[in-house]
Amino acid sequence: MQIIFVRHGETDENVARKYLGHTDVTLNETGKQQVSRFSQVMKESCKIDISAIYTSDLIRCQETANIIATSLNLEHAPTLAPPLRELNFGNWECFTYEQIMADDPIMATKWYDNPFEIAPTNGETLIQLGARFDTWFEQLLHQTDIDEKIMIVCHGGPIRWFTSKWLLGDEKQYWHVEGIKHGCGLIVGYNKNEKQFTEVKYI
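This report concerns the structure included in the present document. These figures come from a predicted structure and were not determined experimentally.

**Things to note about the packing of aromatic side chains**
Here comes step 1: Inspection of every chain in the model, using the stated rule, returns 19 aromatic pairs.
Here comes step 2: Consider the rings of tyrosine 97 and tyrosine 112, whose centres lie 5.3 Å apart with planes at 55 degrees: the pair is tilted. Here tyrosine 97, found in helix H4 (residues 97-103), pairs with tyrosine 112, found in helix H5 (residues 105-113); they are 15 residues apart in sequence, far enough to count as distant.
Here comes step 3: Ring centres 5.3 Å apart and planes at 15 degrees place the aromatic pair phenylalanine 133 and phenylalanine 137 in the stacked group. In this pair, phenylalanine 133 and phenylalanine 137 are both assigned in helix H6 (residues 126-143), four residues apart and thus about one turn of the helix distant. The exposure classification of phenylalanine 133 matches that of phenylalanine 137, with both residues buried.
Here comes step 4: Through a chain of ring-to-ring contacts, three or more aromatic side chains come together here, namely Phe5, Phe133, Phe137, Phe162, Trp166, Tyr190 and Phe197.

Shown next as structure tokens:
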């Protein structure tokens, strides 16, 4: 089995370095170009026959998934999966680090020190993000055939969680693993019989 994780293309909020979680925004032109380039790499280099695409239900991921699906001439439309959403930043959505620290420095400091157990006001913790991702991903592995090749389009947060928790076996490495840039991907192999991940390739 092969699994291709893809981070959505860039948005204007990403450029402005704002915390972007469940807020639903579209890709900007650069983001669309990033995804188009990624699709071309998939077509020319990887030559992977994708059997299914799963995507976060947020627009920026849907747009990313649709661009890829069209480019690869996939027969089936991407399947929406809300558990693949980015971390919910609550009241801090679409604010910059500087704005958050100026508005609520005490709560912000608590969260930065322990995002696994502390949530932004009206948001969620990393443990909560991980719980919804893990439940969904475990079911995906169970229902996917041993020789299938699937794509998962989502956000930086869930991909970091997968890399730290599932590849390294330690979610506390969340901030230490290599992040994926917008419009880029990570290919991993999975031996379903032995329940082990094999090769890892960044694209």
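**Observations concerning the environment of aspartate 145**
Here comes step 1: Looking at where aspartate 145 falls in the secondary structure, it is placed in the loop between H6 and strand E4 (149-154).
Here comes step 2: Taking C-alpha positions, aspartate 145 is 7.3 Å from methionine 1, a pair spaced 144 residues apart along the chain.
Here comes step 3: When residues no more than four places from it in sequence are discounted, the contact partners of aspartate 145 are Met1 and Lys192.

**Observations concerning the pairing of strand E5 (residues 185-191)**
Here comes step 1: E5 sits mainly inside the fold: six of its seven residues count as buried.
Here comes step 2: Judged from the five bridges that link them, strand E1 (residues 2-7) and E5 form a sheet pairing that is antiparallel. Bridge assignment links isoleucine 4 to a residue of E5, and that residue is isoleucine 187.
Here comes step 3: Relative to strand E6 (residues 196-202), E5 runs antiparallel, the two being bridged by five bridges. The residue of E6 that forms the bridge with valine 188 is valine 200.

The rules behind these values
- Residues numbered from 1 in each chain as written.
- Predicted model: local features only at pLDDT ≥ 70, side-chain atom pairs only at ≥ 80, totals over all residues.
- Heavy atoms only, no water.
- Phe/Tyr/Trp six-rings, centres within 6.5 Å; stacked < 30°, edge-to-face > 60°.
- Helix = DSSP H or I, 4+ residues; strand = E, 2+ residues; numbered from the N terminus.
- Buried < 20%, exposed > 50% of the residue type's maximum accessible area, 1.4 Å probe, protein only.
- Contact = heavy atoms within 4.5 Å.
- Pairing = 2+ DSSP bridges.

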